[in-house]
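Next come the chains, spelled out residue by residue.
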Amino acid sequence: QVHVVESGGGLVQAGGSLRLSCAGSGIPFSTAAIGWYRQAPGKQRELVALINRDSTTNYEDMVKGRFTISRDNAKNTVWLQMTNLKPEDSAVYYCNAKRLNFPVFDVWGQGTQVTVSS
């Protein structure tokens, strides 16, 4: 069975840092695009950062220069390093693993809460 599990969320003061982890099982991470999404109360889920199979990356404009996504395929893990956190970064952060070619999968984790206090 296919799973992804997020960890690393918590409470941090503005200007602080957190590193989120997304660990996959039953998934060949090296063949998947892994995205970090976030959803704040009353808002739609939005893509924060994406790392493709070839390790190219994309970032939402509001986090460019502050967040870094990286992967270790041998460990089946993707990280989101978040620095200079702002209160508006507070949200539940979700990991998504997606592969569009056979075997197709589109898997979400349960989310991890990030709260940034001002």
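Residues numbered from 1 in each chain as written. Predicted model: local features only at pLDDT ≥ 70, side-chain atom pairs only at ≥ 80, totals over all residues. Heavy atoms only, no water.

**Q** Before we go on, may I ask you to explain the sheet that holds strand β8 (residues 77-82) in this structure?
**A** The 4 strands are arranged β1-β3-β8-β7 in an open sheet whose pairing can be described as antiparallel. The open sheet has two free edges, formed respectively by β1 (3-7) and β7 (67-72), since each of these has just one partner strand. Taking the axes of each pair of neighbouring strands and ignoring which way they run, one obtains an average angle of 15° across the sheet. As judged from the 6 bridges shared by strand β3 (residues 18-25) and β8, these two strands associate in the antiparallel manner. Of the residues in β8, the one forming a bridge with L18 is M82. (Pairing = 2+ DSSP bridges. Helix = DSSP H or I, 4+ residues; strand = E, 2+ residues; numbered from the N terminus. Axes fitted to C-alpha atoms, helices over the stretch in contact; angles between N-to-C directions.)

**Q** Just to check I follow, could you spell out the layout of surface pockets for this structure?
**A** The gaps left among the atoms become clear once a water-sized probe is rolled over them. Approximately 190 Å³ is the volume attributed to the largest pocket. Lining the largest pocket we find R38, Q39, A40, K43, Q44, E46, E60, M62, P87, E88, S90 and A91. Class assignment of the residues belonging to the lining of the largest pocket gives a composition of 4 nonpolar, 3 polar and 5 charged. Here the second largest pocket defines a volume of roughly 150 Å³. Together, T31, A32, A33, G35, Y37, L50, R53, N96, K98, R99, L100 and N101 line the second largest pocket. Across the lining of the second largest pocket, the residue classes tally to 5 nonpolar, 4 polar and 3 charged. (1 Å grid on protein atoms, 1.4 Å probe; cavity = no way out; pocket = protein on both sides within 12 Å on 5 of 7 lines; lining within 4 Å. Points joined across faces, edges and corners; volume = space filled by probe spheres on them. Nonpolar A, V, L, I, M, F, W, Y, C, P; charged D, E, K, R; others polar.)

**Q** Sorry if this is basic, but what is going on with empty space enclosed by the protein here?
**A** Counted by the stated rule, this structure contains 1 cavity of 30 Å³ or more. Space inside the largest cavity adds up to approximately 30 Å³. Forming the boundary of the largest cavity are R38, M62, R66, K86, E88 and D89. Residues that form the lining of the largest cavity fall into these classes: 1 nonpolar, no polar and 5 charged.

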